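Notes for the structure review
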Amino acid sequence: MTLSTRGAAQAPAVLVLEDGRSFRGRAYGAEGETFGEAVFSTGMTGYQETLTDPSYHRQVVVMTAPHVGNTGVNDEDDESGRIWVAGYVVRDPARVPSNWRSRRSLDEELVRQGIVGISGVDTRALTRHLRERGAMRVGIFSGDALAGGGLNDEAALTARVLEAPGMKGANLSAEVAATETYVVPAVGTKRFTVAAIDLGIKGMTPRRMAERGIEVHVLPATATLDDVYAVEPDGVFLSNGPGDPATADLTVVKGVLERGTPLFGICFGNQLLGRALGFGTYKLKYGHRGINQPVQDRSTGKVEVTAHNHGFAVDAPLDRISDTPYGRAEVSHVCLNDNVVEGLRLLDRPVFSVQYHPEAAAGPHDAAYLFDRFTSLMNTVPMEGPRA
């Protein structure tokens, strides 16, 4: 990424997809150039949480909601220490933010963190294109990146986009995870200790566990099995994160399964659990991103409105229980839009996972019960070594 932080909102800009389709608009945020995978998010709110979600690393996010930035940016809602998106695409940015917590405009924050964006784009047409053709590489160019007539040389810009790496085969967790272990203390009386593997964890996730009396030790993505059990955990948590799950090392996940420790995974963690159980993963055509995705809990029949951010999914059978090296497994949750696997559960060990975000940042709180389910497992299953 190359950029200038002048952030002139009226400067020309162009978005170029790898298939040659282009969209012209105006610079939004920093000027320059950036590359990533073009994806769209259907959330009408929660843009600050989206921008700071490490799972969006190396992705250019297209907002389907036309009006973005109206509540500005505050100092409380970030999900990590920085903005992770590679670029940002909006239709109609707010001219003046209005919210009692707002400290600065979204445009100012994008400029401050050097995030190249584009506004004035027909995001409806762009989203329809991505739905029909699938997520693909993209570049945004403005300012000096368009000097010398580059705005009109879209073939040259397309060639630049095609040089960028794709998401398939990308191993990104270590790029976004913490480099050292840190602890989020339990709120009130400590009931449990959890080792959380940081694959791109959002800040709200350990806080949701802490609210339930859990002391959370957040470990780097490179943590070993010895590192995990050095904290003497009552349970292990696998976080969300970016990249292709096929690139991940499953040694720790399999080690936890062999010991029979209660295990809960979300998003990327769900995919890693699926692969450890022997299921495959595959890249979705355009993924699920937003805070309004309907998912059914197959054990209760209840439908939840949930927050999603995933471009890969687990390939597990919906119509039967599967035998795995760690006992019987079943699909516990399914997306009602397209029947994509949204959760897994082992029937013979205290293990489950979901493909979405129960921490609800941003998003509805329908899935908050999953943290209670995790505490119930730790409350009823003592540490007693490997299970049959």
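Residues numbered from 1 in each chain as written. Predicted model: local features only at pLDDT ≥ 70, side-chain atom pairs only at ≥ 80, totals over all residues. Heavy atoms only, no water.

**What about the nonpolar core?**
Here is the rule we go by: Buried Ala, Val, Leu, Ile, Met, Phe, Trp, Tyr and Cys residues that are joined via side-chain atoms within 4.5 Å together make up what is termed a nonpolar core. Buried, partly exposed and exposed residues are distinguished by accessible area as a fraction of the type maximum, computed with a 1.4 Å probe on protein chains only: under 20%, between the cut-offs, and over 50%, respectively. By definition in these notes, contact holds between two residues if any of their heavy atoms fall within 4.5 Å.
With 31 residues, the main nonpolar core has V228, L257, L263 and L277 as its most contacted residues. Each residue touching V228, except ones within four places of it in the same chain, is listed here: A195, I197, L219, P233, V236 and V252. Formed by 24 residues, the second largest nonpolar core is a distinct cluster that contains F264, V295, F371 and M378.

**A short note on the domain arrangement of the chain**
Accessible area lost upon the coming together of the parts is a frequently used measure of interface size. Note the cut-off: Domain extents, as shown, originate in an automatic or database domain assignment. Salt bridges, as used here, are contacts in which a Lys or Arg side-chain nitrogen is within 4 Å of a carboxyl oxygen on Asp or Glu. What qualifies as a polar contact is a pair of N or O atoms within 3.5 Å, subject to a donor-acceptor requirement within protein and to the restriction that residues adjacent in sequence count only when both atoms come from side chains.
The assigned domain composition of the chain is domain 1 (12-163) and domain 2 (173-380). Between the C-alpha centres of domain 1 and domain 2 there is a distance of 29 Å. Domain 1 puts 23 residues into the contact, and the matching count from domain 2 is 24 residues. For the interface between domain 1 and domain 2, the tally reads one salt bridge. Our count for the domain 1 to domain 2 interface comes out at 14 residue pairs in polar contact (both at pLDDT 80 or more).

**A look at the environment of A361**
Filter applied, for reference: Helix and strand definitions follow DSSP, with helices as H or I runs of at least four residues and strands as E runs of at least two, each counted in order from the N terminus.
For A361, the position within the fold is in the loop between β21 (351-354) and α10 (369-380). Judged by relative accessible area, which is 4%, A361 ranks as buried. Distance in space between the C-alpha atoms of A361 and D244 is 23 Å, their sequence separation being 117 residues.

**Observations regarding the pattern of salt bridges**
Pairs can form between side chains of opposite charge whenever their charged atoms are close. By the definition in use, this model includes 20 salt bridges. The partner of E109 in a salt bridge is R112, and the shortest N-O contact between them spans 2.7 Å. Here R112 and E109 lie together in helix α2 (residues 106-112), a separation of three residues that amounts to about one turn. According to the relative accessible area criterion, E109 is buried, its value standing at 3%. Within this structure, D75, R104, E109 and R112 form a network of salt bridges that share partners.

**Looking at unusual backbone geometry**
One non-glycine residue, E232, lies in the positive phi region at around 50°. When you line up the elements, E232 lands in the loop between α7 (225-230) and β14 (235-238). We classify E232 as exposed; its relative accessible area is 67%. Unlike most non-glycine residues, N339 shows phi in positive territory, near 65°. The exposure class of N339 is exposed, given its relative accessible area of 52%.

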